[in-house]
Amino acid sequence: MILAMDKKKAINILNAQKAKVNDRNHYNDETWVFQTASYIKEFFGEQSPEFSFIGRFTFSALIHSGMSKEQTVYEFQSKKDQAVKYIENCIETINNKGLYKAPKSNFLQNMS
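Being a predicted model, the structure only gives us computed values, none of them experimental.

K.L.:
Explain the overall build of the protein here, please?
P.N.:
Counting its regular elements, the protein contains 5 helices and 0 strands. Along its sequence from the N terminus, the protein presents helices and strands in the succession α-α-α-α-α. For the protein, whose C-alpha radius of gyration is 17 Å, the value lies well above the compact-globule estimate of 13 Å for 112 residues. Taking the principal axes of the C-alpha coordinates as reference, the protein spans close to 65 × 30 × 20 Å. Here the protein holds 112 residues, and the buried ones make up 30% of them. Here the analysis covers contacts within the protein between residues at least 6 apart in sequence; of these, 65% occur between residues at least 24 apart.

K.L.:
In this structure, what is going on with helix α1 (residues 7-22)? I would like to understand it.
P.N.:
Note that an α-helix has 3.6 residues per turn; residues three or four places apart therefore point the same way. In a regular helix each residue adds 1.5 Å, so 16 residues correspond to 22 Å; α1 covers 23 Å between its end C-alpha atoms and thus fits that length. Every buried residue belonging to α1 is among Ala 10, Ile 11, Ile 13, Leu 14, Gln 17 and Val 21, and all of these are buried. The buried residues of α1 occupy an angular sector of 160° when projected down its axis, which confines them to one face. When the buried face of α1 is taken as reference, the exposed residues oriented beyond 90 degrees from it are Lys 8 and Asn 22. The inward-facing, buried residues of α1 abut α2 (30-44) and α4 (69-97).

Thresholds, definitions, all that
Residues numbered from 1 in each chain as written. Predicted model: local features only at pLDDT ≥ 70, side-chain atom pairs only at ≥ 80, totals over all residues. Heavy atoms only, no water. Helix = DSSP H or I, 4+ residues; strand = E, 2+ residues; numbered from the N terminus. Rg over C-alpha atoms; globule rule 2.2 N^0.38 Å. Buried < 20%, exposed > 50% of the residue type's maximum accessible area, 1.4 Å probe, protein only. Contact = heavy atoms within 4.5 Å. Expected span 1.5 Å × (residues − 1). Arc of directions from axis to C-beta.

Here's what the structure looks like:
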């Protein structure tokens with residue numbers, strides 16, 4: 001659990017994840033997805049559509065032997081573009097709504 005998280009820190013983390021997608025030296029794979037999902041769960045909650053999306057996301061693309069090199073590059077670039085757009089949408093949501101706060105239970109709720 002991330003302690004003392006604020007909007008600015010969350011946005012900085014998401015911008016760093018976005019930079020990784022655009023970095024030619026960074027290999028985008030399930031490690032990026034797992035790390036991003038961990039952050040998104042903390043920022044939006046486990047039941048959020050943002051967390052649901054990243055849980056299903058993959059950088060894998062459907063390619064076959066008949067595809068040209070250009071088509072293959074396009075498929076992989078499309079996945080990267082989708083990841084960047086997703087991160088940008090998450091940042092916009094945080095700016096507009098703030099971060100997820102888990103509901104607090106009170107003493108009586110814990111008794112039942």
